[in-house]
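Now for the letters of each chain:
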Amino acid sequence: MAGLAILLFAETSFANAMASQSTNSFVDQILRTISLRDYNTRLVLTGTTLLGVASGVMGTYMLLRRRSLIGDALGHATFPGIALAFIVMVAIGGEGKSLPGLLVGAAVTGLLGVGAVVFIRHWTRIKEDAALGIVLSVWFGFGVALMGLVQSMPGADAAGLESFIYGKTASMVQSDAILIAATAVAIVVVCALLSKEFAILSFDIDLARTQGWPLIKIDMIMMLLVTVVVVVGLQAVGLILVVALLIIPAVAARFWTQRLRYMIWIAALVGALSGLVGAAFSSLFARLPAGAIIVLTGACIFVLSLVFGTHRGMLVLLIRRRRLNKRIRYQHLLRALWESGEILESQSNHDGDIEWNWLLKQRVWSERTLHRLLSSASRKGLVSFDTAAKIARLTDRGRNEAARVVRNHRLWELYLIHYADIAPSHVDRDADDVEHVIGSELVRELEKAIRDSGDGMLPPESPHKLEIQL
């Protein structure tokens, strides 16, 4: 019995020791990655980070020009170039797997693929999405056929060429990192020098055409830079996933800002983080492919941007929507009080008090909703609400705000009647959909367009009959 207990104790101690050793080894591996202690880790992290920067910058322009999928077609179009370059280099007696030669072949067929898309789009009636689908599938099929031919070439060692499909980040060497760094610097410099040209091409191509800008040359330079990013990224993430590095950082940046300069910086930052964190995480787990982890890291940043983005994020949009709905409810209440007062003044000596039942008839309000709305407006100083007598009246502040709301509503009604030829009996609902988002500049334009726009801050007369349905 005592021997059995000793044996169990020894086995438990051994298991704990192995677990502790494994934990210490993993922690040590994390520390080695964070401190960039290993030479290969420094190369891979530097290369993928700079590739992310270059992809984010060029992806921003592709997104704004609605050409995000051109990178996908371009990436697939590089595949036959890799196989062709291998065949040519072997045929002339060279090293078939020379990386510069393979990248040159990929760049040539990539540019031919982009040219094919442009040709189909401009010279046929086929839409751009169909042209992208044709080029993407045909070029990739051509590449698969050539790769099968390469595998059967006598005396040729084609092992490893398939890595360009999914990427092989861990095999990055110093020359690869230098090539990516030089590419990233060149792209950033060219984009900085041509920032004005790229911006006008992305936002207002018609204006650029009328001003005589060399659009074809600017477009060719932009597409050439995109081709360079895709070709250089083949080694890191592969031709299938490189398009994600072009699209995801730019789309994520769009949730944070609408200014181009900031969007480029944010996209470059998202791309850099995707490359850095994805490659670092992949180095901790040998079985996880770096290219896929880099893309998944970018996808996580995209989801965070989608939810928390300060410009177009879901949370911000939800808050703005709630504020807008709240403002609309207040404006409906103020307009109902103002117009009820106008009707009562025309019928009798009105003292400003509006009965509860009259307001209920003006809108589809439940008693609970109207009570909550009046109470809230009362706390804001817009309405004086007698809950016992169920009578409300506008305060001085409320009258000023109600006059502005009713004035905007009627200006828009008059504009629709005069310029959109909408019948006065139907114009109230159409104006109701727009009046809440009319800015001061648009109000001034409406006042210029409509002669009888009232006096000063007071609203003009209603173009249709007002009535209280009791």
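The coordinates are above.
Residues numbered from 1 in each chain as written. Predicted model: local features only at pLDDT ≥ 70, side-chain atom pairs only at ≥ 80, totals over all residues. Heavy atoms only, no water.

(A) Layout of the side chain of R335. Within the secondary structure, R335 sits in helix α13 (residues 314–347). Residue classification places R335 among the buried residues on the basis of a relative accessible area of 2%. (Helix = DSSP H or I, 4+ residues; strand = E, 2+ residues; numbered from the N terminus. Buried < 20%, exposed > 50% of the residue type's maximum accessible area, 1.4 Å probe, protein only.)

(B) Layout of empty space enclosed by the protein. Under the criterion given, the structure shown has 1 cavity of 30 Å³ or more. In this structure, the largest cavity occupies an estimated 40 Å³ of space. Ranked by residues supplied to the lining of the largest cavity, first place goes to helix α7 (residues 174–193) with 3 residues. Class assignment for the residues of the lining of the largest cavity results in 5 nonpolar, 1 polar and 1 charged. (1 Å grid on protein atoms, 1.4 Å probe; cavity = no way out; pocket = protein on both sides within 12 Å on 5 of 7 lines; lining within 4 Å. Points joined across faces, edges and corners; volume = space filled by probe spheres on them. Nonpolar A, V, L, I, M, F, W, Y, C, P; charged D, E, K, R; others polar.)

(C) Inspection of unusual backbone geometry at higher detail. The phi dihedral of R66 is positive, around 55 degrees, even though this residue is not glycine. Here R66 lies in the loop between α2 (39–64) and α3 (70–91). You will see that K390, though not glycine, has its phi angle at about 55 degrees, which is positive. With respect to the secondary-structure elements, K390 resides in the loop between β2 (383–386) and β3 (391–394). The class for K390 is partly exposed, based on a relative accessible area of 35%.

(D) Broad picture of a positive patch on the surface. A cluster of basic residues, R322, K326, R329, R368, R372, R379, K380 and R397, forms a positive patch on the protein surface. For the positive patch, the secondary-structure elements that each account for two or more residues are α13 and α15 (367–379). Checked against the element boundaries, R372 lands in helix α15. (Patch = residues over 30% accessible without salt bridge, like charges linked within 9 Å, V, L, I, M, F, W, Y side chains within 5 Å. Areas by Shrake-Rupley, 256 points an atom, 1.4 Å probe, with all protein chains shown as cover. Salt bridge = Lys/Arg side-chain N within 4 Å of Asp/Glu carboxyl O. Lys, Arg positive; Asp, Glu negative; His and termini not counted. Charge placed at Lys NZ, Arg CZ, Asp CG, Glu CD.)

(E) The sheet that holds β3, seen in detail. Across the sheet, 3 strands lie side by side as β1-β3-β2; this open sheet has antiparallel pairing. Pairing within the sheet leaves two strands with one partner each, and these edge strands are β1 (354–355) and β2. Bridge count between β1 and β3: 2 bridges; the pairing is antiparallel. Its bridge partner lying in β3, I354 is registered against A392. Running over the sheet, α15 touches β2 and β3 and is turned about 125 degrees from β2. (Pairing = 2+ DSSP bridges. Contact = heavy atoms within 4.5 Å. Axes fitted to C-alpha atoms, helices over the stretch in contact; angles between N-to-C directions.)

(F) Quick peek at the pattern of salt bridges. Across all of its chains, the model carries 8 salt bridges by this definition. Of the charged contacts, one joins R65 and D219 as a salt bridge, the two residues approaching to 2.6 Å between their closest N and O atoms. In this pair, R65 sits in the loop between α2 and α3 while D219 sits in helix α10 (residues 215–254), placing the two residues 154 residues apart along the sequence. Per residue, the accessibility class of R65 equals that of D219, and both read buried. Its salt-bridge partner being E342, residue R410 comes within 2.6 Å of it at the nearest N-O pair. On the criterion of sequence distance, the pair formed by R410 in helix α16 (residues 396–419) and E342 in helix α13 is long-range, its members being 68 residues apart. Among the charged side chains, a network of salt bridges with common partners joins R335, E339, E342 and R410.

(G) Quick peek at the packing of α16 against helix α18 (residues 440–449). Here α16 crosses α18 at 50 degrees, and the two axes come no closer than 10 Å. Relative to α18, α16 is oriented oblique. α18 is crossed by α16, and the crossing has left-handed handedness. Between α16, through R407, N408, L411, W412, Y415 and Y419, and α18, the contact on the second element is made entirely by V443, L446, E447 and A449. (Parallel < 35°, antiparallel > 145°, perpendicular 65-115°, else oblique. Left-handed = near helix turned anticlockwise from the far one by under 90°.)

(H) Looking closely at the pairing of β3. Burial along β3 is one-sided: A392 and L394 are buried, and none of I391 and R393, which face the opposite way, are. Direction of pairing for β2 relative to β3: antiparallel, over a ladder of 4 bridges. Residue pairing for β3: F385 is matched across the bridge by A392. In this structure, the hairpin formed by β2 and β3 is closed by a connection of 4 residues, where K390 is found at a positive phi of approximately 55 degrees.

(I) Seen up close, the packing of helix α4 (residues 99–123) against α10. Where α4 contacts α10, the two axes come as close as 9 Å, and the packing angle between them is 135 degrees. Judged on the interaxial angle alone, α10 and α4 are oblique. Where α4 crosses over α10, the two elements pack in a sense that is right-handed. Listed contacts from α10 to L99, L103, A106, A107, L111 and V114 of α4 are M223, L224, T227, V231, L234 and Q235. Class assignment for the residues of the contact of α4 with α10 results in 10 nonpolar, 2 polar and no charged.

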